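A look at the structure
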Amino acid sequence: MPEITTSYDNAIYSLPLGHWNSDTDLSMSAVDALEKGKVIFLPNLSFSLTDEEMLLLDPALVDPKRKNISYQPLKDKLTGVATAMQEPAISLLLQRHYQACLQLIAAILPEYQQKLHSPTNSLRLHPVKEWTQNTSWRKDDRRLHVDAFPSRPNYGERILRIFTNINPTAENRSWRVGETFPTLAQRFLPRLKGYSPLLSRLQYTFGITKSLRSHYDHLMLQLHDAMKADADYQKNGPQIAIEFPSGSSWICFSDGTPHAAMGGQFMLEQTFLLPVDAMHEPKNAPLKILESILHKSLI
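Read on for a plain summary of the structure. These figures come from a predicted structure and were not determined experimentally.

Moving on: the sheet that holds strand S3 (residues 39–42). Sheet architecture is open: 8 strands sit in the order S2-S3-S10-S7-S12-S6-S4-S5, paired in mixed fashion. A single partner strand is all that each edge strand has here, and the edge strands are strand S2 (12–14) and strand S5 (77–79). Neighbour-to-neighbour, the strand axes of this sheet turn through a mean angle of 20 degrees, independent of strand direction. The pairing of strand S6 (residues 117–124) with strand S12 (residues 267–274) spans 6 bridges and is antiparallel. Directly across from His-117, in S12, lies its bridge partner Leu-273. Here helix H3 (residues 87–108) sits on the sheet in contact with S3, strand S4 (69–72), S5, S6, strand S7 (158–165), strand S10 (249–253) and S12, set at roughly 55 degrees to S12.

Next up on the list: the state of the cysteines. For the structure on display, the rule yields 0 disulfides. Cys-101 forms no disulfide, and the closest cysteine sulfur to it belongs to Cys-252, at a distance of 13 Å. Cys-252 sits in the buried class, given a relative accessible area of 0%.

Quick look at the packing of aromatic side chains now. What describes a pair of aromatic rings is the distance from one ring centre to the other and the angle between the planes of the rings. According to the stated counting rule, one finds 10 aromatic pairs in the structure shown. Relative to Trp-250, the ring of Phe-244 has its centre 4.0 Å away and its plane inclined at 5 degrees; by these criteria the two rings are stacked. One exposure class covers both Phe-244 and Trp-250, and it is buried. Members of the aromatic cluster, connected to one another through ring pairs, are Phe-41, Phe-163, Trp-175, Phe-244 and Trp-250.

Calculation criteria
- Residues numbered from 1 in each chain as written.
- Predicted model: local features only at pLDDT ≥ 70, side-chain atom pairs only at ≥ 80, totals over all residues.
- Heavy atoms only, no water.
- Pairing = 2+ DSSP bridges.
- Helix = DSSP H or I, 4+ residues; strand = E, 2+ residues; numbered from the N terminus.
- Axes fitted to C-alpha atoms, helices over the stretch in contact; angles between N-to-C directions.
- Contact = heavy atoms within 4.5 Å.
- Disulfide = S-S within 2.5 Å.
- Buried < 20%, exposed > 50% of the residue type's maximum accessible area, 1.4 Å probe, protein only.
- Phe/Tyr/Trp six-rings, centres within 6.5 Å; stacked < 30°, edge-to-face > 60°.

The following block contains the structure:
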C-alpha cells in the first residue's frame, strides 16, 4: 500500500503570520525547521491582488512556448508574456510580491537576509493538470523530485522558494512531500551514473550548460531524474499529501525537500539562492550530506 498520509508533524512547520512584515520571535525555530527539510506553512499569509491585477489571472497571457511568466526584479527583466501590452502590469505585480517576500525573509529568516541572491519571481497561471499533460516525464512536476538546474549549475547553493496560492475561486494547491534528504540520498545514490569531468567540459563548450557542471550538480540532476523515473517510488515511496488553501503561503528548500505539485491553478513563486555557509547548520545541505556519504568533495 502507498505510504501516503495526511500526518503533517514531520513535514510541516506552521506559523500563524497574517502579514508579510509581521514581528516574530520564532525566527530560529523557522530556520531550524527549514534546514531540516520541513515546509514552513503560513496558512493566514495571503497576497491580495487589486481589481486590475485580478484581470491578469488568465493563462492566455503566458507565451505558448513557456510554462510560466518569469521576472528578475534586480534587472527588471520580464519573460514569458504573450501580450506585450500586459507586461507593465505584470512587472508591477511581481515586483510587489518580491518586495513582500523580502519583508517576510526579514521577519522569519533574518539570518539569511544579507546572503540570499539571484532572485527570480514566477507567475504560474496554468492549471497543474494542463501543463503536465503534454510534457516529458523529466518535466512532469506531478512526480516527486528535488529541484536541480540542468543548464545552470549552482555548486551546492540552496534553492529557497516562497509560494503563494492566489487562486480567486478558493481552489487548493495540492502537493505531496517526501522523505528527508539523507534517507532519499541513501536510497538513490547506488543507482546514479558516474560523473565525467570531460562530459562536463563538453556540455559547457557546446552551450548546454552556462558553467561547468560540478560533481554535485551532476548527482542532483541524476537524483531528480531517478526519482521521477521510478514509478514504484512515485506510488509507494514515503510521502504525505498536503493541501495549501487559496490565501496561504509556504516556504521550502526545494533542492532538499522532495515535492510534487498535484493540482491547483494561479500561484506566485519567489526563488532565491543561498550559499551553504550562510546556513545555520551547513551539515543539513544536500551538498554536505552527499559529501558525507561519499567521503569526497563534490565541488
